[in-house]
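# Descriptive analysis of the structure
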Amino acid sequence: MILRAVKSVAQNHPKASIMSIALAVCGLMSWLFLDIAAADGGLGPIDAVTGTFFVLLTGWLGYGIGMSIVGHLLPPPEPLSTEPLSPEELAQLPSTAILVPVYNESPRRVAAGVRAMREELAKIGGGETFEFFLLSDTTNPDIAAEEEAVWLEMTSDSLKPSVFYRRRPKNIARKSGNIAEFCERWGGRYRYLIVLDADSLMSGATLVEMVRRMEQDERVALIQVPPRPINGASLLARAQQFAAATYGSGFLRGYRHWCGDAANYWGHNAIIRTRAFVQCCGLPTLPGERPMGGEILSHDFVEAALLRRADWKVRIADDLGGSYEETPGSVLDYLQRDQRWCQGNLQHLNFLVRCQLPLTNRWHLLCGAFSYLASPLWLAFVVLQLTLLLSVSSSGATSLGISAASASLLLLVGTLILLMAPKVLAVTDFIRSTPIENRRPARAIWLDAALETVASTLFAPLLMWFHSQFVIATLRGRRVEWNAQNRGDVNLTWEDAWAVGWKLVVLGSIAAVLIWLVNPTALLWFSPLLASWLGAAPLILVLSSPQLGRWLQSHGRLLIAEESNPCPVMQRQQAYFDLPVPSEDATLERLVRDPHAMAAHIAIAQLSADPLSNLPVSELALSEMTLDQRRELLVDADKLHQAHAAYWSERLLQDVEARAR
């Protein structure tokens, strides 16, 4: 009866329920913490500062807990009841461009996903509705040459949808500038844009359904389909895959009810109404020096806010499956990506104070920034707690009539319960809602949840330390270049791990010795942090190991449904992954030698010709060129013609001389 009443309240008042849980968690934990702090003679200045940090951090924790709990109390979305559209109905859907921006990515890996989606759309009859665009911002001339070679392979047949390729000679404004230029030149041909990342994958049915939903409401400007991580090999990647598959549905359900028609945009795996995007989403240049000023780096949150400011609807379709992405495999790649995101999210604070925006979008931007600002707050809180531990005894009594030490243990247990409750609820909901013929035994799922919890608990203190460094570096004006993400397997060495983690080992050792000398019982409080920091180097190696991840997979650990029963588009992608790599890479040298590739490249280069200097064109000079000179040659059609002619003239002359001898 009580549970039914709680579910009824959550369903009828989801926002109020989320806020109530957040305030209750924050209030109870903060009261107990301050009661413990005041047990030894009242609250001092350090207690007041520490208490302020604790209130902010538990409020943030309570918000996430509330979102997850309410999401799991809400009924799951109804299964899609719409029948697949017939080829005739598909042909009546408006033209939609599928954009795949790439920047120094592996062309064959990107092409595997594009080919898989293209074949699936062709199979269901969507070939005339969709068109793919590979929008390259690649700066490496050899990768650019391979992109063209791969594109020629993809377009050697008459299969629909068509695939087009364009490379910008100048990478202006990164991904947002890439998409903006597409909209300026070709956007008028398409009612909708589906924006993907280089590692995105979506099923044909989901792509069609996205267009169909946009057609149902002309005020919807953007629908974000949450992507599920796949193709992970390392322990870190596999743990994140399992967490997203098992815990994610309830949180996303709560998030959808929290946002309503003011959801967020995550930059990929989303469909956008072209007219609304062009009218509203011109990005401003922020005042001030980079990284807090200048061009907006993380464009997605800002574009959603600008659409909402113009009263367009932005929705999240958490009920749609068939949406996938890949995550960084190693801890170092994960940290490099987070450092870029940290800089972009903190820059949003500069945007936030200068623009009139809807309240919900202000909250989105603030949450994005606080997801990184929370780390230095946690670190400062830990340092202050350690200071208090070394300077104040814990022999006083609290208002509960128990000692401060006992109350601290109670707070620790309560914190663990609050952290574990959403996971327990999520796993229970996952087991109950998944048909028994489609899932593994419940015992195996609980065991995997325990393994994921251990991995994430040990990883969290590492993130706290590095995120704190990222925040401080950004606020001090240090800029980070947004380079291509490493999406393949990475085998870190002990030297790699030690170079990153040695400071944590030293700090953890000092903290452990001090706590042991002053108050050994407090080691329990600090045990997750100390275990993570003292074992930082081996932990980084273990989490980043693709061999360990594959061993766990072979033994049935951290499995997701997409691995035991992959959908057709994933099977197609994997088939292309498994194809043998050509014996000769498509480099600039090969481009100069291959007449077919040269003709195609000249046609592309003439669209964006931008000759920059007089370059040497002999084959010998190619290997001696600087990287900048090779980039210039790649977009200079006249010089490429000269290089191509020089190559074949030399070969013909050698052939004539050989015949004469």
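Here the structure is shown first, and the text comes after it.
Here's what I pulled together on the structure shown here.

Analysis parameters
Residue positions are counted from 1 within each chain, in the order its sequence is given. It should be noted that, the model being predicted, local features are given only for residues of pLDDT at least 70 and side-chain atom pairs only at 80 or more, the latter also being counted only at that level, while totals for whole chains, interfaces and linings use all residues. Values reported for side chains reflect all heavy atoms of the structure, with hydrogen atoms and water molecules removed beforehand. With a 1.4 Å probe rolled over the protein chains alone, any residue whose accessible area is under 20% of its type maximum counts as buried; one over 50% counts as exposed, and the rest are partly exposed. Here a strand is any run of E in DSSP of at least two residues, a helix any run of H or I of at least four, and the numbering for each starts at the N terminus. By the convention used here, strands pair only if DSSP detects at least 2 bridges between them. Whether a crossover is right-handed comes down to one check: with the strands pointing away from the viewer, does the path from the first strand over the helix to the second run clockwise; if it does, it is right-handed. Think of a 1 Å grid over the protein atoms and nothing else: a 1.4 Å probe that fits but is trapped marks a cavity, an open set flanked by protein within 12 Å on at least five of seven lines marks a pocket, and residues with an atom within 4 Å of a point count as lining. Grid points are joined across faces, edges and corners, and a volume is the space filled by probe spheres set on the points. Each residue gets one label: Ala, Val, Leu, Ile, Met, Phe, Trp, Tyr, Cys and Pro are nonpolar, Asp, Glu, Lys and Arg are charged, and the others, such as Gly, are polar. Here, axes are lines fitted to C-alpha atoms. For helices the fit covers the stretch in contact, and angles between N-to-C directions go from 0 to 180 degrees. The contact criterion used throughout is that any non-hydrogen atoms of two residues lie within 4.5 Å. Convention used here: angles under 35 degrees read as roughly parallel, angles over 145 as roughly antiparallel, angles from 65 to 115 as roughly perpendicular, and any remaining angle as oblique. Only Phe, Tyr and Trp rings take part, Trp by its six-membered ring, and two of them pair if their centres are within 6.5 Å. Stacked means planes under 30 degrees apart, edge-to-face means over 60, and tilted covers everything else. Lys and Arg are tallied as positive, Asp and Glu as negative. Neither His nor the chain termini are counted. We define a salt bridge as a side-chain nitrogen of Lys or Arg found within 4 Å of a carboxyl oxygen belonging to Asp or Glu.

## Considerations on the pairing of strand S2 (residues 130–136)
With seven of seven residues buried, S2 is to be regarded as a mostly interior element. Residues Phe-130, Phe-132, Leu-134 and Ser-136 of S2 are buried on one face, and the alternating residues Glu-131, Phe-133 and Leu-135, pointing to the opposite face, are buried as well. Two strands pair when backbone bridges link them, and strand S1 (residues 96–102) and S2 are joined in this way by seven bridges, in the parallel orientation. In the strand pairing of S2, Pro-101 is matched with Leu-135. Between the parallel elements S1 and S2, the chain passes through helix H5 (residues 107–124) in a crossover that is right-handed. As paired strands, S2 and strand S3 (residues 163–167) are joined by five bridges and run parallel to one another. Note that in S3 the partner of Ser-136 across the bridge is Arg-167. Taken together, S2, helix H6 (residues 141–154) and S3 form a β-α-β motif whose crossover is right-handed.

## Side note on empty space enclosed by the protein
By the definition in use, this model includes three cavities of 30 Å³ or more. Taken as a whole, the largest cavity holds about 90 Å³ of empty space. Together, Val-102, Glu-105, Ser-106, Pro-107, Val-110, Ala-111, Leu-134, Glu-147, Val-150, Met-154 and Tyr-165 line the largest cavity. Elements supplying a minimum of two residues to the lining of the largest cavity: H5 and H6. Of the residues belonging to the lining of the largest cavity, the class tally is eight nonpolar, one polar and two charged.

## Focus: the sheet that holds S1
The strand order across the open sheet built from seven strands is S3-S2-S1-S4-S8-S6-S11, with neighbouring strands paired in mixed fashion. Single-partner strands in this sheet number two, and they are S3 and strand S11 (313–316). With direction set aside, neighbouring strand axes in the sheet form an average angle of 20°. Taken together, the three bridges between strand S6 (residues 220–224) and strand S8 (residues 270–273) define a ladder with antiparallel strand orientation. The residue bridging Gln-224 from the neighbouring strand is Ala-270, located in S8. Each of S1, S2 and S3 is contacted by H6, which is oriented at about 165° to S3, the strand it contacts most.

## Description of the packing of helix H15 (residues 442–475) against helix H17 (residues 523–534)
Running from amino to carboxyl end, H15 crosses H17 at an angle of 75°, the nearest separation of the two axes being 8 Å. One element, H15, and the other, H17, form an angle in the roughly perpendicular class. Two secondary-structure elements touch here, H15 through Thr-457, Leu-458, Pro-461, Leu-462, Met-464 and Trp-465 and H17 through Pro-528, Leu-529, Ala-531, Ser-532 and Trp-533. A breakdown of the residues in the contact of H15 with H17 according to their chemical character gives nine nonpolar, two polar and no charged.

## Thoughts on the pairing of strand S4 (residues 192–195)
The side-chain alternation of S4 yields two buried faces, one formed by Tyr-192 and Ile-194 and the other by Leu-193 and Val-195. Sheet analysis places S1 next to S4, joined by four bridges and oriented parallel. By the bridge assignment for S4, Leu-99 is matched with Val-195. Sheet topology places S4 next to S8; four bridges connect them, and they run antiparallel. Across the sheet, residue Ile-194 finds its bridge partner in S8, namely Ile-271.

## A look at the environment of Lys-15
Topologically, Lys-15 is positioned in helix H2 (residues 14–37). The class for Lys-15 is partly exposed, based on a relative accessible area of 41%. Counting along the chain gives 239 residues from Lys-15 to Gly-254, while the straight-line C-alpha distance between them is 8.6 Å. Contact partners of Lys-15, with chain neighbours within four places excluded, come to His-257 and Trp-258.

## Details of the environment of Val-220
Note on placement: Val-220 falls in strand S6. A relative accessible area of 1% means that Val-220 is categorised as buried. In the structure, Val-220 is positioned 53 residues away from Arg-273 in sequence and 7.6 Å away in space, judged by C-alpha atoms. Those residues in contact with Val-220 that sit more than four places away from it in its chain are Met-214, Arg-273, Trp-312, Lys-313 and Arg-315.

## So, the layout of surface pockets
Here the second largest pocket is characterised by a volume of approximately 870 Å³. For the lining of the second largest pocket, the secondary-structure elements that each account for two or more residues are H5, H6, helix H9 (235–259), helix H19 (546–554), helix H20 (561–564) and helix H21 (568–577). In terms of residue class, the lining of the second largest pocket is made up of 17 nonpolar, 14 polar and 14 charged.

## Description of the packing of aromatic side chains
Applying the stated rule across the entire model yields 18 aromatic pairs. Both rings, one in Phe-33 and one in Phe-54, keep their centres 4.4 Å apart while their planes meet at 15°; by these two values the pair is stacked. Here Phe-33 is found in helix H2, whereas its partner Phe-54 is found in helix H3 (residues 45–73), with 21 residues between them in sequence. On the basis of relative accessible area, Phe-54 is assigned to the buried category, the value being 6%. Of the aromatic side chains, those joined through ring pairs into one cluster are Trp-60, Tyr-63, Trp-258, Trp-363 and Phe-370.

## Quick notes on the side chain of Asp-35
With respect to the element layout, Asp-35 can be found in helix H2. Nearest to the buried, unbridged Asp-35 among oppositely charged side chains is Lys-423, at 29 Å.

Note that all results are geometric; they support no functional claim without further evidence.
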